[in-house]
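Below are the chains, spelled out letter by letter.
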Amino acid sequence: MKTKLILLLILVFLMVPLNMEAQCAMCRAVLESEGNTSAAEGINNGIVYLMAIPYILVAGVFYFVYRKMKT
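Per-chain numbering applies: the sequence of each chain, read as written, is numbered from 1 onward. Two thresholds apply to this predicted model, a pLDDT of at least 70 for residue-level local features and 80 or more for giving and counting side-chain atom pairs, whereas whole-chain, interface and lining totals are computed over all residues. With hydrogens and water set aside, each side-chain value is computed from the structure's full complement of heavy atoms.

## Digging into the overall build of the chain
- When helices and strands are counted, the chain shows 3 helices and 0 strands.
- For helices the rule is a DSSP run of H or I covering at least 4 residues; for strands it is a run of E covering at least 2, with both sets numbered from the N terminus onward. Counted from the first residue to the last, the chain has its helices and strands arranged as α-α-α.
- All accessible areas in this document rest on Shrake-Rupley with a 1.4 Å probe, and a residue is counted as covered only by the protein chains that are shown. Of the roughly 6,600 Å² that the chain leaves accessible, carbon and sulfur atoms contribute 74%.

## Quick look at the packing of aromatic side chains
- Pairs were defined over the aromatic rings of Phe, Tyr and Trp, the Trp ring being its six-membered one, requiring ring centres within 6.5 Å. Orientation was assigned from the angle between planes: stacked under 30 degrees, edge-to-face over 60, tilted for the rest. Counting across every chain of the model gives 1 aromatic pair.
- When the centroid spacing of 5.6 Å and the interplanar angle of 65° are considered together, the rings of Tyr63 and Phe64 count as edge-to-face.

## Describing the UniProt feature "transmembrane region" (unreviewed entry) in the chain
- UniProt positions are given in the numbering used here, feature names are shortened, and annotations may be inferred rather than shown by experiment. The positions UniProt marks with the feature "transmembrane region" (unreviewed entry) are residues 48-66.
- Secondary structure within residues 48-66 divides into 100% helix and 0% strand; the distance between the first and last C-alpha atoms comes to 27 Å.

## Remarks on a nonpolar patch on the surface
- Residues enter patches when they are more than 30% accessible in relative terms and free of salt bridges; like-charged ones are connected within 9 Å and nonpolar ones (Val, Leu, Ile, Met, Phe, Trp, Tyr) within 5 Å. Salt-bridge detection follows one rule: a side-chain nitrogen of Lys or Arg within 4 Å of a carboxyl oxygen of Asp or Glu. Taken together, the side chains of Leu5, Leu8, Leu9, Leu11, Val12, Phe13, Met15 and Val16 define a hydrophobic patch exposed on the protein surface, amounting to about 790 Å² of accessible area.
- In this structure, Val12 sits in helix 1 (residues 2-15).

## Topic: helix 3 (residues 37-70)
- A helix is expected to span 1.5 Å for every residue after the first. If you check helix 3, its first and last C-alpha atoms are 49 Å apart, about what 34 residues at 1.5 Å a residue would give, namely 50 Å.
- Relative accessibility thresholds used throughout: buried, under 20% of the residue-type maximum; exposed, over 50%; partly exposed, between the two (1.4 Å probe, protein chains only). Taken residue by residue, helix 3 has Ala40, Asn44 and Val48 as its buried positions.

The structure is reproduced here in structure tokens:
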């Protein structure tokens, strides 16, 4: 069981790109015109985290349903 979980986690981490860009065009234009790159990076990271959480929750629900259906 632990080996399957570890393999699943490794697979998920390999699928996630290291450099993700998730800003909309308007947010990017405003943040880049100011010249403050740290604010732009913070906004980008926040958008990525907000986008990832629902997918992780749905994957967890599907995993538990699959486990219940298998037993």
